[in-house]
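Examination of the molecular architecture
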Amino acid sequence: MNDSQGILWEVFIQSKPGQPHKHAGSVHAHDNEMALQNARDLYCRRSEGTNLWVVPASAIVASSPEDIGSFFEPSNDKVYRHPTFYSVPEGITHM
Amino acid sequence: MNSLKLDENQLIENFEAKLAKNEMIEPKDWMPAQYRKHLIRQISQHAHSEIIGMQPEGNWITRAPSMRRKMVLLAKVQDEAGHGLYLYSAAESMGISREEMLDQLHTGAAKYSSIFNYPTLTWADMGAIGWLVDGAAIMNQVMLQRTSYGPYARAMVRICKEESFHQRQGYEIMNVLASGSAEQKEMAQDALNRWWWPSLMMFGPRDEESPNSEQAIKWKIKRETNDQLRQRFVNQTVSQVEKIGLVVPDKAIKWNEAKNGYDFGEINWDEFWTVVKGNGPCNKARIAAKIKSHEEGAWVREAANAHAEKNNKTKAA
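As the structure is a computational prediction, the values presented were derived from the model and not from experiment.

**Digging into the overall build of chain B**
When helices and strands are counted, chain B shows 13 helices and two strands. Residue pairs at least 24 apart in sequence account for 76% of intrachain contacts in chain B once pairs closer than 6 positions are excluded. Total accessible area on chain B is roughly 15700 Å²; 55% of this is exposed by carbon and sulfur atoms. When the 41 basic and 40 acidic side-chain charges of chain B are each reduced to a single mean position, those positions are 4 Å apart.

Below is the structure:
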């Protein structure tokens, strides 16, 4: 058998309850359970987390940086989505 | 999605513009083949250094002088393993596999930091390594937190945070020995004598002898040169040596007001190149131990693989 290190998993850590999960790095593992345990051992040696996600790296679909212009462009011309587009009378606060 | 096919010159221009703005290069960004090659070599060798670096310290775990020291040393060696794994992951994001990197280490195609080819003869060496070797590594790694490749920079931030206890525990060991009995103080001085020069060698050849440096600076992989980092290390370390009553093993050490730093003696570059080329005191033993542990662990990987396959079949059925 070929000497395999297992597949690559991307690791996301939630640092506190309520916080979003943030990408920390990756680990190699052969199955779900081992991926979680390896991620804990590697990225949480100093109580960095309250929750962990591990995702097979091959399952992540990413946009490509070359398309940054055309892909995100549709939001550029909709300035009316930002509050600063609207003027309010002088002296109005908390709005 | 219509992705424009840009020509090579345009791609290089975009890449350099990004560097000029101090933006990070991410795995899916276009990058020159030489940039990729340079970083794969640097990151994988950095990873190998962390992994091989477990051996000289691992040598003393069973003989640590107290339970406290044993726990600390275990935690430190475990950190080194973790640092190696962060770095392998960062290198993998550039398209090289873990298996390939391990193979390069085992066959000698890839190098690792020469400092780990020196033996750890006494307990004081655990002090000298944490203080000087980790100290020199931190100097380099603090700079690399701002390296231009995103995954490498982020691994460095994590590593630097974790390193902070490594250097202090080493200095503490040295301080305790240096303020102990005459024999203990002598042991501390002996360790300092043996580790001082190899620590200065960790920064690599002098700038004018370092062919990769100029390109690395241009690509913002490195932000400072070997000699700049080495000088800063000497400047910071001399007073730490004096503070605990030890002596820097270099007669040429002298404060130089004009450059606001210490002058120091010439490194033995013949020794440096001898160790780099594989003929240091422990090169062969380190690689042999690494290969042995890899081979002895093969059954674990095979079993894990078989277990995963069996589970997948059960689920599919």
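**Thoughts on the packing of aromatic side chains**
All names here are of chain B. Going through the model one piece at a time under the given rule, you end up with 13 aromatic pairs over all chains. Centre to centre, the rings of Trp 60 and Trp 123 are 6.3 Å apart; their planes meet at 65 degrees, and the pair counts as edge-to-face. Of the two residues, Trp 60 is situated in the loop between α3 (54-58) and α4 (67-92) and Trp 123 in the loop between α5 (98-107) and α6 (124-144); the sequence distance between them amounts to 63 residues. Trp 123 shares its class with Trp 60; the two are buried. A ring pair is formed by Trp 131 and Tyr 171, whose centres lie 5.2 Å apart and whose planes are at 55 degrees; its orientation type is tilted. Placement of Trp 131 in helix α6 and of Tyr 171 in helix α7 (residues 150-178) is noted, with a sequence separation of 40 residues between them. The class of Tyr 171 is partly exposed, set by a relative accessible area of 21%. Members of the aromatic cluster, joined through ring pairs, are Phe 15, Trp 30, Tyr 35 and Trp 219. A cation over an aromatic ring shows up here: Arg 63 above the ring of Trp 60, its NZ or CZ 4.0 Å from the ring centre. Lying across the ring of Tyr 86, Arg 158 places its NZ or CZ 5.8 Å from the centre.

**What to know about helix α12 (residues 283-296) of chain B**
Side chains that are three or four residues apart share a direction in an α-helix, a result of its 3.6 residues per turn. Residues and elements named next belong to chain B. For α12, built from 14 residues, the straight-helix expectation of 20 Å at 1.5 Å per residue is met to within 8% by its first-to-last C-alpha distance of 20 Å. Listed as buried for α12 are Asn 283, Arg 286, Ile 287, Lys 290 and His 294. In an axial view of α12, the angular spread of the buried residues amounts to 90 degrees, which keeps them on one side of the axis. Relative to its buried face, α12 has exposed residues pointing more than 90 degrees away, namely Lys 284, Lys 292 and Glu 295. Of the surrounding elements, those touching the buried residues of α12 are α2 (33-52), α3, α5, α11 (269-279) and α13 (298-316).

**Examining a nonpolar patch on the surface**
Judged by side-chain polarity, Val 79, Tyr 80, Phe 85 and Tyr 86 of chain A come together as a nonpolar surface patch covering roughly 430 Å² of accessible area. Mapped onto the secondary structure, Val 79 of chain A falls in the segment after α2 (68-72).

**Focus: the confidence of the model for chain B**
Scored by pLDDT, chain B has a mean of 94; 98% of the residues are at 70 or more. At the level of chain-chain contacts, confidence expressed as ipTM amounts to 0.76, with global pTM at 0.89.

**Remarks on the packing of α6 of chain B against helix α10 (residues 226-243) of chain B**
Residues and elements named next belong to chain B. Remark: α6 packs on α10, axes separated minimally by 10 Å, with the N-to-C direction vectors making an angle of 140 degrees. Looking at the two axes, α6 sits oblique to α10. Between α6 and α10 lies a crossing of right-handed hand. Contact with α6, carried on its side by Trp 131, Leu 132, Gly 135, Ala 136, Met 139, Asn 140 and Met 143, involves Leu 229, Arg 232, Phe 233, Gln 236, Thr 237, Gln 240 and Val 241 of α10 and no other residues of that element.

**Concerning the nonpolar core**
If you look at the biggest cluster of nonpolar residues, it comprises 91 residues, and the most contacted ones within it are Tyr 35, Tyr 149, Met 174 and Trp 195 of chain B. For this core, the element with the most residues is α6 of chain B, which contributes 11 residues.

Quick notes on the rules
- Numbering of residues begins from 1 in every chain and follows the order in which that chain's sequence is written.
- Numbering of ligands from 1 and lettering of chains from A proceed in the order in which they are written.
- At least 70 in pLDDT is required for a residue's local features to be given in this predicted model, at least 80 for side-chain atom pairs to be given and counted, and no such filter applies to totals for whole chains, interfaces and linings, which use all residues.
- Working from all heavy atoms in the structure, the side-chain values ignore hydrogens and water.
- Here a strand is any run of E in DSSP of at least two residues, a helix any run of H or I of at least four, and the numbering for each starts at the N terminus.
- Throughout, a contact is declared for two residues whenever any of their heavy atoms are within 4.5 Å.
- The method behind every accessible area is Shrake-Rupley, applied with a 1.4 Å probe, and residues are considered shielded solely by the protein chains displayed.
- Within this scheme the basic residues Lys and Arg register as positive and the acidic residues Asp and Glu register as negative, but His and the chain ends are omitted.
- For this purpose, a charge sits on NZ of Lys, CZ of Arg, CG of Asp or CD of Glu.
- Here is the rule: rings of Phe, Tyr and Trp (six-membered ring for Trp) pair when centre to centre is within 6.5 Å. Planes less than 30 degrees apart are stacked, more than 60 are edge-to-face, and the remainder are tilted.
- Exposed residues in this analysis have more than 50% of their type's maximum accessible area, buried residues have under 20%, and partly exposed residues fall in between, with area computed by a 1.4 Å probe over protein chains only.
- Ring-over charges, as used throughout, are those where CZ of Arg or NZ of Lys falls within 6 Å of the ring centre and within 35 degrees of the ring normal.
- Helices are assigned an expected span. That span is 1.5 Å times one less than the residue count.
- In this context, the arc is that of the directions from the helix axis out to the C-beta atoms.
- Each patch is built from salt-bridge-free residues with over 30% relative accessible area, joining like charges within 9 Å and nonpolar side chains (Val, Leu, Ile, Met, Phe, Trp, Tyr) within 5 Å.
- Only one rule defines a salt bridge in this text: a Lys or Arg side-chain nitrogen within 4 Å of an Asp or Glu carboxyl oxygen.
- Looking at any residue, its pLDDT shows the predictor's confidence there, from 0 to 100.
- Between the N-to-C directions of two axes lies an angle of 0 to 180 degrees, each axis being a line fitted to C-alpha atoms and, for a helix, fitted only over the stretch in contact.
- Oblique is the label for any angle not covered by the other classes, which are roughly parallel (under 35 degrees), roughly antiparallel (over 145) and roughly perpendicular (65 to 115).
- When the near helix sits turned anticlockwise from the far one by under a right angle, the crossing is termed left-handed; a clockwise turn instead gives a right-handed crossing.
- Among the buried residues, those of types Ala, Val, Leu, Ile, Met, Phe, Trp, Tyr and Cys that are joined through side-chain atoms within 4.5 Å form a nonpolar core.

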